[in-house]
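Residue-level structure breakdown
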Amino acid sequence: MTAAASDASAPGPLADLVVADLSRVLAGPYAAMLLGDLGATVIKVEHPRGDETRDFRPPVRGGESTYYLSANRNKRGIVLDFADPHDLATTRAIIDRADVVVENFRPGSLARFGLDYASLAEHRPDLIYASITGFGTGDGRDLPGYDLSAQALSGLMSLQGEPDAAPARAGFALFDVLTGMFAVSGILAALHHRDRTGAGQLLELNLMNVALAAMVNQTTARVAGGVTPTRMGNEHPSLAPYAPYATRDRPLVIAVGNDRQFERLCVAIGRPELATDTRFARNADRTRTRAELRVELEAALANADADHWFEALTAAGVPSAPLNDIAEGLAFATRLGLDPVTTVGPHEQPTVRHPVTYSRTPPSYRHAPPGLGEHDAQIREWIAATPRKDPDV
């Protein structure tokens with residue numbers, strides 16, 4: 001069975017689409033994986049050295065990096081070296097049969113192979129081409145596109161950590177993931193436009209713009225309010241109480257979003273008078289007196305464990321949560337019936353499920369992440385059996 005024949009019958013709203021995934025590491029592969037989850041046939045093209053994340057280890061499963069596994073399910077893999085004329089011809093043949101290209105090469109580097117958007121669009125004006133860079137194609141074109149660099153240069157790290165401690169990065173490649181998600185939304189919008197007009201287009205994304213957009217209220221504080229946010233540890237610049245607080249055994253997050261919730265909090269912890277205390281009655285008061293408020297709250301919270309307060313505050317309608325580790329987070333989601341883990345492929349490899357639930361077109365988990373070049377023969381057979389797209393724009 002060919003790669004396309006296998007995927008074409010799979011459920012999902014994108015089952016009629018073919019995606020040429022020329023990307024590596026995280027932002028591009030994650031975007032392509034999400035499209036694959038929705039039924040698209042995704043062909044992952046790798047250099048003979050392989051995707052760098054194959055070497056991001058530990059941890060591993062079955063000898064493969066779990067980092068690589070996290071972003072490459074629902075794909076078929078082929079090894080091609082663009083510098084080899086025969087391999088380049090094969091790459092072009094894949095693209096000639098694809099609806100979408102996803103790439104994250106250094107700006108300009110694909111042009112010498114004729115794999116840039118301008119070159120491909122000459123005979124494929126219907127092609128959707130998503131190009132992901134670190135810092136754009138202008139003055140930032142030569143900056144390496146690493147998530148950690150984007151966290152530093154965007155200002156995110158200046159917001160992470162305690163005020164008197166060193167800046168800190170997010171615990172995962174936040175902007176890579178968000179860029180992948182923005183890429184999917186852009187691709188879907190471009191496909192909708194193509195359905196109406198027949199015309200494809202170039203989508204350009206970069207980690208820096210995504211970072212600045214994703215910090216929403218923090219960047220807007222500067223842009224619209226003239227305020228440069230600073231590190232506040234786990235405190236929120238505009239809300240209180242909105243942070244972890246000590247209990248008898250471990251921290252508990254309390255996330256009060258309005259004055260009514262604060263009143264319910266005060267009653268639930270046995271301190272109703274705090275809700276009418278002029279220091280704390282309004283959110284604006286509490287943000288100014290957050291240190292005094294912490295003393296009062298933690299004195300009350302010290303009377304019981306975090307799990308007790310989680311149950312009591314949830315019953316009172318006050319958002320709260322104990323601080324879980326990843327294992328506890330997965331277990332908690334499982335207890336809620338959210339089914340965070342599923343399996344993929346014939347060997348039922350565990351994977352974190354696609355986060356969207358569809359009532360009519362559910363995601364599917366058809367293919368485990370491919371080994372390096374695992375589907376070379378299948379993909380070449382598919383090329384031979386599948387006509388190239390002939391757009392009529």
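Residues numbered from 1 in each chain as written. Predicted model: local features only at pLDDT ≥ 70, side-chain atom pairs only at ≥ 80, totals over all residues. Heavy atoms only, no water.

Remarks on the sheet that holds strand 1 (residues 18-21)
Strands sit in the order 5-2-1-6-7-8 across an open sheet of six strands; the sheet is parallel. The open sheet has two edge strands with one neighbour each: strand 5 (76-79) and strand 8 (201-206). For this sheet, the mean inter-axis angle between neighbouring strands, taken without regard to orientation, is 20 degrees. Note: strand 1 against strand 2 (residues 41-46), four bridges, orientation parallel. Bridge assignment links Val18 to a residue of strand 2, and that residue is Thr41. Helix-sheet contacts for helix 8 (residues 174-197) involve strand 6 (100-103), strand 7 (128-133) and strand 8, and the interaxial angle to strand 8 is about 165 degrees. Against the sheet, helix 16 (residues 376-385) contacts strand 1, strand 2 and strand 5, and its axis sits at roughly 95 degrees relative to strand 5. (Pairing = 2+ DSSP bridges. Helix = DSSP H or I, 4+ residues; strand = E, 2+ residues; numbered from the N terminus. Axes fitted to C-alpha atoms, helices over the stretch in contact; angles between N-to-C directions. Contact = heavy atoms within 4.5 Å.)

Concerning the packing of helix 6 (residues 147-154) against helix 8
Two elements in contact, helix 6 and helix 8, have axes whose closest approach is 7 Å; the angle formed by their N-to-C orientations is 100 degrees. Between helix 6 and helix 8, the angle is such that the two are roughly perpendicular. Contact residues: Asp147, Ala150, Gln151 and Ser154 in helix 6; Leu174, Phe175 and Asp176 in helix 8. Looking at the contact of helix 6 with helix 8 residue by residue, the classes come out as three nonpolar, two polar and two charged. (Parallel < 35°, antiparallel > 145°, perpendicular 65-115°, else oblique. Nonpolar A, V, L, I, M, F, W, Y, C, P; charged D, E, K, R; others polar.)

Some details on the sheet that holds strand 9 (residues 242-245)
The antiparallel open sheet is built from three strands, whose spatial order is 9-10-11. What marks the edges here is a single partner per strand, and that holds for strand 9 and strand 11 (320-322). Averaged over neighbouring strand pairs, the angle between their axes works out to 20 degrees when direction is ignored. Summarising the sheet, strand 9 and strand 10 (residues 252-255) pair through four bridges and their orientation is antiparallel. Counted as the bridge partner of Tyr245 is Leu252 from strand 10. Relative to the sheet, helix 13 (residues 290-301) contacts strand 9 and strand 10, its axis offset from that of strand 9 by approximately 45 degrees. Each of strand 10 and strand 11 is contacted by helix 14 (residues 306-315), which is oriented at about 160 degrees to strand 11, the strand it contacts most.

Describing the confidence of the model for the protein
Per-residue pLDDT for the protein has a mean of 95; in total, 96% of the residues score no lower than 70. Low pLDDT, under 50, characterises residues 1-6; the stretch is placed with 14 contacts to residues that sit more than four places away or in other chains. (pLDDT = per-residue confidence, 0-100.)

Focus: the pairing of strand 5
Burial along strand 5 is two-sided: Arg76 and Ile78 and Gly77 and Val79, pointing in opposite directions, are all buried. Sheet topology places strand 2 next to strand 5; four bridges connect them, and they run parallel. Following the sheet pairing, Glu46 is matched in strand 5 by Val79. (Buried < 20%, exposed > 50% of the residue type's maximum accessible area, 1.4 Å probe, protein only.)

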